[in-house]
Structure formats: structure tokens, C-alpha cells
Amino acid sequence: MSVPGSFAVLRLLWLLSVFGTVLPLDGGMLFPRESSFREVKELNGLWDFRADGSPNRNEGFEKAWHKRQLAETGPVIEMPVPASYNDITQDPTLRDFIGWVWYDREVAVPARWISDQGTRVVLRVGSAHYYSIVWVNGEKVTEHEGGHLPFEAEISSLIRREPMKPCRITIAVNNTLTLETLPPGTIQYMNDSSRYPDGFFVQNMDFDFFNYAGIHRPVLLYTTPKVYVDDITVETNFMDNTGLIRYKVSVQGGFSNTLNITLMDKDGHFVASSNGSSGVLRVVDVKLWWPYLMHENPGYLYSMKVRQHAHRHVRDEYTLPLGIRTVNVTNTQFLINNKPFYFHGVNKHEDADIRGRGFDWPLIVKDFNLMKWLGVNSFRTSHYPYAEEILQMCDRHGIVLIDELLPHISVFGNASLSHHLVVMDELVRRDKNHPSVVMWSVANEPASEMPPAEFYFKTLIEHTKALDQTRPVTYVTIAEADMDKGGPYVDVVCVNSYFAWYFDQGRLDIVPLQLSTHFENWYRKYQRPIIQSEYGADAVPGLHMDPPMMFTEEYQNALLQSYHDVFDQKRNQYFIGELIWNFADFMTAQGIYRVVGNKKGIFTRQRQPKAAAFLLRKRYWRLANETGRLLPD
Ligand code: BDP
């Protein structure tokens, strides 16, 4: 990411510079794709399941449940994968369960995967919240900390040991949040025996969404050849009509054989080729990747086919979709392909009835249809990394993403920081090649009044910028004091505010003054473009009152409107985007501020529009006409 001056000079420097995306983690995390040399077998469906309800939640380990089928060590129920387990049964204990839950199932592995010693078999979990341990046939193959990113283990030699036996996969998942986890939480034991039974404890958390748990994303087995394409990194740029793709490919598992790279356009026609593990592809008459509503042909993707040869035979093939675009930030603008981009979008959650945070194609496609209906050109993955399939949809549809890592954090110790750096590495490693990702958000509303916060944020932001020099970095903040700690390091100021909601309740008349003072102060201080990264009001669908009162659809509408008036005044200055909180109602922990969840959605949790959806739709299409068209150079 660079501040544009003379673009031509910068492009030249880009060509001469070293690769901007430098990843310290070993190994890649390429999304599993089938090719003539790779197969994928989905393990979604019903697994056996048991929550470990023992007082210390440790019975599963004490009795080694992974050594046998789960059904042999106690009662099991059927549990869908992927899905959160919380809302699947009628049992409130399971809904609110804290501790280890156990899943297992048997898989028939194709005989040729076992007999062919040249095949590598990998087990991959798209995500499981929060801490996971995985065994295959009773042997531990991996463990992973963090609820929203994939992890995998090679299991080839293990399944070859007893080729005639079905392969049993056991996954134990623990959703306990502590001061060491990200997001953090605390377990509080209630020791007053006159009020609580023995061993009674609660999980305290500082974020506003239900702590859904379980295996949330698809579980797969996939194969690669023994010597395989492990990782690909691309960075894109353009000069006049020529697109430039700088690539780097790493091969693992043996001697790095000849690599051949072929770029195809959307129709499968040859565009460019190259040999070797790194280089630059030149694309004549380039078709740039443009955001939705900014171009008549948004989300244009090329395909980069990477082939690994040995003795003139192709040994492995992986095809990466990629978009050619640039991102730059000035003091007042966010530029995509050197044109000012205005974010008119939403914040989301991966959340729905029954499945909780579980991956669900019908829900994903419905949400994209709703976003396009609304005229949304962008969203923030509040407050954790979303499924990679969602990012791929964004790439294809031209929906721009602010890729966020974490919700609220308030612990700034060394252990948290080291873990935060590792998950940031994991996020960049997974998402670096998505053209839709235009900015990293390292956290939401960190409580930065804590003393070590400044060091923490400086380290984290600098680390992220060192990982990826091609994208701006931000964190989302709500208080000026919080921004003081990280403000000097961010590229874009992302600010949340809830005027006339959490403060000055019911007083819509104060919004214009407070909001514009707020913006002026932020801009004066940091001289960075500003995004309103959250604003909104709860509205119980069907509740009406005029003049408007809090919690009615009319109040939600009126509050949005009063924010919009100020946005329109600042839009041609330094104000570069507005993301409503929230796209849809979502579940939270129980509490007196939440009526069966957070109701700030402009759609209900079942994705039906409230009045505000129509208001926003009118505004976003108007904004698309005013800001989205290609501006002349
Ligand atoms: C914001 C948080 C978001 C909450 C929202 C709210 O970033 O996670 O859901 O407040 O209170 O400050 O609705």
C-alpha cells in the first residue's frame, strides 16, 4: 500500500521492489480445490456427539474417548456438521454449555488414496470454535487455537497403517474463553453456597454476540501429490493498459520441479505464461477487478493455473482465481484502481436461526442477494474472519471487504500479543490473494485505556503492515481516547458511534451537532480519511410509534436519517464510507439490554426487511449513482 503521488513512478518502484507479502508461518493454506491431480471429499453431515458434562469437563481425556468410537464410551446424539451445536436441541444446558464437546465419525477412504504412496491425504477443518484437538484412529494429528480460521493435518501414513479399517476421526472442541484466548473472557466460580450449587460457574465475555460453538465450517479430506504446490502469493498492479501480476509459488514435499504458470481470462482464453517459482505476468488490455456498482463488469477474475512438472510430466496442478486491482489511501480518499471509492455497506455476523454460526450456502446466497438488492458495495467481517467461501463470493461479485480479526479486547499482555500476531499471520496467509479484501482491521473497539495498549497496537499494526504492504490497516474504535493509542499507526480511521442511543437516549435532535463535531475532531487530529464503521438503533420488527420512540421501526429510520445528513455534508471532504450496524438481527448472550438478541438489524434474523431496509436501499442506490461511476482521470 502506498500513498499515490505520481502513479507511473510508483508502479516502476513496485516492479523493482521486493515482494510485499512476507509470511513467517511455514506452509500455505490454499483453499482445497479439485484438479486432475487433487480430489476433495466432504465430511459434512451427521456426526456422533457428546458434551462432557463432568464437573471438571475432563472425563473425555481421563477416559480417553478418542481411543474408541464415541458411541462405545457413553450416550451420543446426532449432530450436524457444519453447525453450532447450541440451538440444535431443546436442552438449555447444551445451548449454554461451556467446556469440551466431542464429535466423531467414520470415513471410508478411497482405496487408491491408500494404495498410491504418491498421494498425500490431508484432513482439513474449515473452523471450530474455540480450541480443537483432532485424532485419527485414536492418534492425535493436530490441535488448533482460535475459532474462525482453518487448520489441517496430513494423515497419509496414519491411514496406511491399517488400510482395511475405516478411518475414525474424533474432534474435541472447547469454547471456554479465558484471559489467554482471543477474544478473551473469564470463568467466574460462584462460591456462595447459599445461592449457588457446588461448582457453579459462569463465562463472562466482553463482546455482544452469542458465543456459538462447535464445528462451524466444512470438514474435508483432500489429496495432493507428494510433491505439491503448497502456497501461492500474488500482488497486482497496472500501468496504463497493462496489468502486472507478481507471483511467488512454493512447493513442498520434495525437490522443487519445474513450475509453469498460465494465466487465463474469464472465458478460459490464454493471456500470459511464465516459468519458475516467482516472476511477473504481464496482461495486455487488462480487465481490472472493480467493485460492484463502480463498473458495468464488476468482480472480473482471471485464473492462474500453476503446474508442477517432473520429467516432462505434469505432477500437480492448482488454479487460483485472481483479480487485478490496486488500493491506495490518501489523507482524504480511499482509491481502488486510482478512483475514489465510497463504502456504502453493512456490518454482518455469521449468524442465523438453528445453525448459529454454522456455514450454510442458502443463507450465504440469500445474504448476497439481499446486499445487492440494497445496493451494498462493501461490508466488514465484524468481528472475526468469515468463511473463505464468503470471500470468494465477494471476489466474484465485486463486494469490497474490510477483513476483521477480532472483537473487543481489553487484555494487552505479552501472551495475548504473541497469540494475536500468530492469528494475524494465519488471517493474512489465508486471505492475502482475495481482491475483495481491501483493508485489514486488527480489532474492534479495543479498550485502549489500559496502559500497555499503545505498545500492543503499534506492534500489531506494524506487524500487519510488514506482512502485507499492499493493503491499508485499521482498527475500529469508538472513543477518541482509544484512538490515541493506535491512531498514529492506522491508515484509515474507522469509528463507531451510537449517538441518541446509548447516550442522550431518544434525543435525535443532538445527532447532527455531536456527529459533526466528532468527525471534525478526528480529522483534525489524525488527518486520515474516516469511515463510520458502525451506527444504528435497535428496532423490534412491527413496533411502531410516531413521533418516533426508541425500539420502533420509525426511530431506527429517523436515527439513520439524522446520521445520513451529516455523512452527506462530509462526503466530499474526508468522509469515505458508512457501514450500518447491523445487516440483520443476531443472537447475543442474555441480558437486560437485549430482547432475544441484538435488534439493530435492518433485516430480521430471518432476513425480512424492516422499514430501515427500504430507507437504506433508496440511499445506497442514490450513492451508487453519485459516487460509484467511473470518474474521469
Ligand atoms: C458496538 C459493538 C458491536 C455491538 C454494538 C451494539 O462493536 O459488536 O453489537 O456496539 O451495541 O459498539 O449494538
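The protein is annotated in an unreviewed UniProt entry as Beta-glucuronidase from Oreochromis niloticus. Regarding the protein, the relevant UniProt record gives this comment under Subcellular location (unreviewed entry): "Lysosome". UniProt annotates the protein under Catalytic activity (unreviewed entry) with the comment "a beta-D-glucuronoside + H2O = D-glucuronate + an alcohol".

(A) Representation of the overall build of the protein. When helices and strands are counted, the protein shows 14 helices and 32 strands. For 633 residues, the compact-globule estimate of 2.2 N^0.38 gives 26 Å, and the C-alpha radius of gyration of the protein, at 25 Å, lies within 12% of that figure. Each principal axis of the C-alpha atoms in the protein carries an extent, and together these give about 75 × 75 × 45 Å. Burial status across the protein gives 59% buried among its 633 residues. Within the protein, counting contacts between residues at least 6 apart in sequence, those at least 24 apart form 73% of the total.

(B) Representation of the domain arrangement of the protein in the model. Each domain of the protein was delimited in the assignment, giving domain 1 (39-175 + 211-225), domain 2 (228-322) and domain 3 (327-627). Put simply, the middle of domain 1 and the middle of domain 2, counted by C-alpha atoms, are 35 Å apart.

(C) Summary view of the sheet that holds strand β18 (residues 270-275). In spatial order, the strands read β18-β17-β20-β21; together these 4 strands make up an open sheet with antiparallel pairing. Pairing within the sheet leaves two strands with one partner each, and these edge strands are β18 and β21 (313-322). Direction aside, the axes of adjacent strands within the sheet are offset by 20 degrees on average. In this sheet, strand β20 (residues 302-310) lies alongside strand β17 (residues 258-264) in antiparallel orientation, the contact comprising 7 bridges. Within the sheet, the bridge partner assigned to Thr258 lies in β20 and is His309.

(D) Fine view of the pattern of salt bridges. By the definition in use, this model includes 36 salt bridges. Here Lys465 makes a salt bridge to Asp491, at a shortest N to O gap of 3.3 Å. Taken together, the positions of Lys465 in helix α10 (residues 453-467) and Asp491 in the loop between α11 (480-486) and β30 (493-496) put the pair 26 residues apart, joining distant regions of the chain. Connected via shared salt-bridge partners are Asp568, Arg571, Glu578, Arg619, Arg622 and Glu626.

(E) Layout of the pairing of strand β31 (residues 530-534). Most of β31 sits out of view: 5 of its 5 residues are buried. Relative to β31, β30 runs parallel, the two being bridged by 4 bridges. Its bridge partner being in β31, Val493 is matched across the sheet by Ile530. Each parallel crossover has a hand, and for β30 linked through helix α12 (residues 511-526) to β31 it is right-handed.

(F) Just the site of the ligand, in detail. Neighbouring residues of the ligand: 14 residues in total, closest Asp208, His383, Glu445, Tyr502 and Lys600. At 2.7 Å from an oxygen atom of the ligand is found a side-chain nitrogen or oxygen belonging to His383. At 2.4 Å, a side-chain N or O of Tyr502 approaches an oxygen atom of the ligand. When the ligand sits alone it has 320 Å² of accessible area, and the protein chains cover 92% of it. For the shell around the ligand, the residue count by class is 5 nonpolar, 4 polar and 5 charged.

(G) Spatial organisation of the packing of aromatic side chains. This model, assessed by the stated rule, comprises 39 aromatic pairs. With a centroid separation of 4.8 Å and 20 degrees between ring planes, the pair formed by Phe567 and Phe575 is classed as stacked. Considered together, Phe567 and Phe575 belong to a single accessibility category, that of buried residues. Chaining the aromatic ring pairs together yields one cluster made of Tyr342, Phe499, Phe519, Tyr535, Tyr563, Phe567 and Phe575. Here the basic side chain of Arg50 rests over the ring of Trp65, its NZ or CZ set 4.0 Å away from the ring centre.

(H) Structural context of the packing of helix α9 (residues 414-431) against α10. Viewed as axis vectors pointing N to C, α9 and α10 meet at an angle of 25 degrees, and their least axial separation amounts to 10 Å. In terms of axis orientation, α9 runs roughly parallel to α10. Of the two elements, α9 crosses α10, and the hand of that crossing is right-handed. Along its contact with α9, which presents Ser416, Leu417, His420, Leu421, Met424, Asp425 and Val428, the element α10 presents Phe455, Tyr456, Thr459, Leu460, His463, Thr464 and Leu467. Across the contact of α9 with α10, the residue classes tally to 8 nonpolar, 5 polar and 1 charged.

(I) Looking closely at unusual backbone geometry. Cis geometry marks the peptide bond from Ser382 to His383, where omega comes out at -10 degrees. By the element assignment, His383 lies in the loop between β26 (378-380) and α8 (388-397). Of note, the phi angle at Gln527 is positive, near 50 degrees, even though the residue is not glycine. As for its placement among the helices and strands, Gln527 is situated in the loop between α12 and β31. Positive phi is not limited to glycine here, since Val596 has a value of about 50 degrees. Mapped onto the elements, Val596 comes out in the loop between β32 (575-580) and α14 (611-627).

What counts and what doesn't
- Residues numbered from 1 in each chain as written.
- Predicted model: local features only at pLDDT ≥ 70, side-chain atom pairs only at ≥ 80, totals over all residues.
- Heavy atoms only, no water.
- UniProt positions renumbered as here; feature names shortened; annotations may be inferred.
- Helix = DSSP H or I, 4+ residues; strand = E, 2+ residues; numbered from the N terminus.
- Rg over C-alpha atoms; globule rule 2.2 N^0.38 Å.
- Buried < 20%, exposed > 50% of the residue type's maximum accessible area, 1.4 Å probe, protein only.
- Contact = heavy atoms within 4.5 Å.
- Domains from an automatic or database assignment.
- Pairing = 2+ DSSP bridges.
- Axes fitted to C-alpha atoms, helices over the stretch in contact; angles between N-to-C directions.
- Salt bridge = Lys/Arg side-chain N within 4 Å of Asp/Glu carboxyl O.
- Right-handed = clockwise from strand over helix to strand, strands pointing away.
- Near = heavy atom within 4 Å.
- Polar contact = N/O pair within 3.5 Å; in protein donor to acceptor, adjacent residues only side chain to side chain.
- Areas by Shrake-Rupley, 256 points an atom, 1.4 Å probe, with all protein chains shown as cover.
- Nonpolar A, V, L, I, M, F, W, Y, C, P; charged D, E, K, R; others polar.
- Phe/Tyr/Trp six-rings, centres within 6.5 Å; stacked < 30°, edge-to-face > 60°.
- Lys NZ or Arg CZ within 6 Å of the ring centre and 35° of its normal.
- Parallel < 35°, antiparallel > 145°, perpendicular 65-115°, else oblique.
- Left-handed = near helix turned anticlockwise from the far one by under 90°.

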